[in-house]
Amino acid sequence: MPETGRNPVLVKICGLSTAETLEAALDAGADMIAFNFFPKSPRYVSVETGAELSARVRGRAEIVALTVDMDDDGLAEIVEAIRPDWLQLHGSESPARVAEVQTRFGLGVLKAVGIRTAEDLAAVAAHAGAADRLLIDAKPPSGSALPGGNGVAFDWALLGGIDPALPYMLSGGLNPDNVADALASTGARGVDVSSGVESAPGVKDVDRIRAFIAAVRGTQPLEDDRRRSGERIVT
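About the thresholds
Residues numbered from 1 in each chain as written. Predicted model: local features only at pLDDT ≥ 70, side-chain atom pairs only at ≥ 80, totals over all residues. Heavy atoms only, no water. pLDDT = per-residue confidence, 0-100. Contact = heavy atoms within 4.5 Å. Axes fitted to C-alpha atoms, helices over the stretch in contact; angles between N-to-C directions. Helix = DSSP H or I, 4+ residues; strand = E, 2+ residues; numbered from the N terminus. Parallel < 35°, antiparallel > 145°, perpendicular 65-115°, else oblique. Left-handed = near helix turned anticlockwise from the far one by under 90°. Nonpolar A, V, L, I, M, F, W, Y, C, P; charged D, E, K, R; others polar. Salt bridge = Lys/Arg side-chain N within 4 Å of Asp/Glu carboxyl O. Buried < 20%, exposed > 50% of the residue type's maximum accessible area, 1.4 Å probe, protein only. Expected span 1.5 Å × (residues − 1). Polar contact = N/O pair within 3.5 Å; in protein donor to acceptor, adjacent residues only side chain to side chain. Right-handed = clockwise from strand over helix to strand, strands pointing away. Pairing = 2+ DSSP bridges.

Caption draft 1: Region of the structure containing the confidence of the model for the chain. Scored by pLDDT, the chain has a mean of 88; 86% of the residues are at 70 or more. Low confidence marks residues 1-6, where pLDDT is under 50. Its contacts with residues over four positions away, or in another chain, come to nine contacts. Segment residues 223-235: pLDDT under 50, and 16 contacts once partners within four positions in sequence are set aside and those in other chains are kept.

Caption draft 2: Molecular detail of the packing of helix H3 (residues 72-82) against helix H4 (residues 95-105). Relative to each other, H3 and H4 sit at 45 degrees, their axes nearing to 12 Å. When the interaxial angle is binned, H3 and H4 end up oblique. Crossing hand, H3 versus H4: right-handed. For the pair H3 and H4, contact is made by Asp72, Leu75, Ala76 and Val79 and by Arg97, Val101, Arg104 and Phe105, respectively. Residue classes in the contact of H3 with H4 are distributed as five nonpolar, no polar and three charged.

Caption draft 3: Fine view of the pattern of salt bridges. Applying the stated rule across the entire model yields 13 salt bridges. In this structure, arginine 97 and aspartate 72 form a salt bridge, with 2.9 Å as the shortest nitrogen-oxygen distance. You can see arginine 97 sitting in helix H4 and its partner aspartate 72 sitting in helix H3, a full 25 residues away along the chain. You can call arginine 97 buried: its relative accessible area is 17%. Residues joined by salt bridges that share partners form a network here, namely Glu23, Asp27, Arg56 and Arg60.

Caption draft 4: Summary view of helix H7 (residues 206-217). Helix length check: H7, at 12 residues, gives a terminal C-alpha distance of 17 Å against a target of 16 Å (1.5 Å per residue), a fit within 8%. Looking only at H7, the buried set comprises Val206, Ile209, Arg210, Phe212, Ile213, Ala214, Val216 and Arg217. Sitting at the amino-terminal end of H7 is aspartate 205, which places a side-chain oxygen 2.9 Å from the backbone nitrogen of aspartate 207. After H7 finishes, the residue glycine 218 shows a positive phi value of roughly 80 degrees.

Caption draft 5: Up close: the environment of alanine 182. The residue alanine 182 is located in helix H6 (residues 179-186) in this model. Here the alpha-carbon distance between alanine 182 and aspartate 155, two residues 27 residues apart in the chain, equals 9.9 Å. When neighbours within four sequence positions are excluded, alanine 182 is seen to be in contact with Trp156, Leu170, Leu174 and Gly187.

Caption draft 6: Geometry of the pairing of strand E1 (residues 10-14). Of all five residues that make up E1, five are buried, and the element is covered over most of its length. On E1, burial covers both faces: Leu10, Lys12 and Cys14 on one face and Val11 and Ile13 on the other are all buried. The handedness of the E1 to strand E2 (residues 32-36) crossover, carried by helix H1 (residues 19-28), is right-handed.

Caption draft 7: Seen up close, the pairing of E2. The buried count for E2 comes to five of five residues, which makes it a mostly enclosed element. Going residue by residue along E2, you find Met32, Ala34 and Asn36 tucked away on one face and Ile33 and Phe35 tucked away on the opposite face as well. The sheet contact formed by E1 and E2 spans three bridges and is parallel. Bridge pairing in E2 places lysine 12 opposite methionine 32.

In structure tokens form, the structure reads like this:
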């Protein structure tokens with residue numbers, strides 16, 4: 001796996017679809033890059049586009065293929081073309097289905113679990129033994145066609161009783177302004193962002209990508225070369 005640097009918090013940028021924003025995320029130090037293969041999403045990319053973009057990522061960060069309740073044939077096509085490090089299952093996949101995908105494809109499986117109330121934590125426990133890592137996300141608003149990327153946060157205090165050894169990433173409504181607070185509140189060792197670094201649905205903003213990663217790393221983005229290096233500011 002690619003090196004994640006000295007900072008132990010993993011940063012995953014989800015839903016990238018252009019070379020410019022992809023390079024911005026990689027240059028800023030993203031650990032994981034996710035391509036969205038859910039056709040209803042404004043962040044959707046075709047398998048062909050995903051293959052072209054993933055070639056830029058290989059060896060620089062981990063590649064994640066996001067799917068929603070996809071069958072084995074669809075997953076096999078993506079795995080062959082993209083050669084991802086991770087399959088992200090962002091639908092209603094059961095723990096049994098998660099384990100089945102893991103066994104069949106032999107890749108890391110990242111399972112998204114949406115929560116809104118304490119009762120939803122049961123789903124976290126149910127999937128914990130099946131997936132290699134969980135993505136704890138906010139449940140989508142009522143009527144939403146998208147299982148994620150809705151810019152909605154949940155009450156981070158709900159994670160207060162979670163097993164600190166549970167391998168998970170925090171998602172849902174994160175942005176450059178609140179991610180530091182989210183990490184301080186939850187102690188999460190990984191974060192995932194999509195809509196929080198966009199100027200419009202599906203349109204990633206390079207400055208927001210850099211600012212988000214800098215906020216996680218405890219730095220602030222600067223102009224010119226210092227911005228790219230993520231140099232720490234001493235006050």
